[in-house]
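Spelled out from the first residue to the last, the chains are:
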Amino acid sequence: MSDTRFIIIGLVLVFAGFLILGIFGRPFFEFTIQANEFGDCFDYTEDGRVIPVDCDLILQNKVILFGVVFALIGGGIISLIKGVRGRWDQDVKSDEMVGPKRSNP
């Protein structure tokens, strides 16, 4: 695969990791504070009801989400390093080159 493709794939994976963290990570912030400060977790609905939830289950879901995000960002960084350290398509054979042909007289 082309080195430029590795760079593009790496950028997409890192961006997707931060995007998923930003979208789906916000609710876990609230539950983490509740678990650390009070030991009990409650979900507050739009109409003002308080629903008790299991803190351990919420924190387990948080670890799974951060594992997925870590894998995406890590894979993106590895892909970026592979793309940057690649040969940059310098090993193109003369019969595979595109463009005007040079003829040495």
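Residues numbered from 1 in each chain as written. Predicted model: local features only at pLDDT ≥ 70, side-chain atom pairs only at ≥ 80, totals over all residues. Heavy atoms only, no water.

(A) Geometry of the pairing of strand E2 (residues 50-53). Examined bridge by bridge, strand E1 (residues 41-44) and E2 share 4 bridges and lie antiparallel to one another. Across the sheet, residue aspartate 43 finds its bridge partner in E2, namely isoleucine 51. Hairpin geometry of E1 and E2 is characterised by an intervening segment of 5 residues between the two adjacent antiparallel strands and by a positive phi of about 95° at glycine 48. (Pairing = 2+ DSSP bridges. Helix = DSSP H or I, 4+ residues; strand = E, 2+ residues; numbered from the N terminus.)

(B) Just the side chain of threonine 32, in detail. With respect to the element layout, threonine 32 can be found in helix H2 (residues 26-37). Side-chain polar atoms of threonine 32 contact the side chain of lysine 62, separated by 3.2 Å. In this structure, threonine 32 is in contact with Leu59 and Lys62, ignoring residues within four places of it in sequence. (Polar contact = N/O pair within 3.5 Å; in protein donor to acceptor, adjacent residues only side chain to side chain. Contact = heavy atoms within 4.5 Å.)

(C) The arrangement of the state of the cysteines in detail. A complete count under the given rule lists 1 disulfide for this structure. Two residues, cysteine 41 and cysteine 55, share a disulfide whose sulfurs are 2.0 Å apart. The sign of the S-S torsion, about 120°, decides the handedness of the disulfide formed by cysteine 41 and cysteine 55: right-handed. Taken together, the residues span a long stretch of sequence, with cysteine 41 in strand E1 and cysteine 55 in helix H3 (residues 55-84) at a distance of 14 residues. Per residue, the accessibility class of cysteine 41 equals that of cysteine 55, and both read buried. (Disulfide = S-S within 2.5 Å. Buried < 20%, exposed > 50% of the residue type's maximum accessible area, 1.4 Å probe, protein only.)

(D) Inspection of the pattern of salt bridges at higher detail. Summed over all chains, the structure comprises 1 salt bridge. Between arginine 49 and aspartate 47 there is a salt bridge, and its shortest N-O distance comes to 3.3 Å. Each of the two residues, arginine 49 as well as aspartate 47, counts as exposed. (Salt bridge = Lys/Arg side-chain N within 4 Å of Asp/Glu carboxyl O.)

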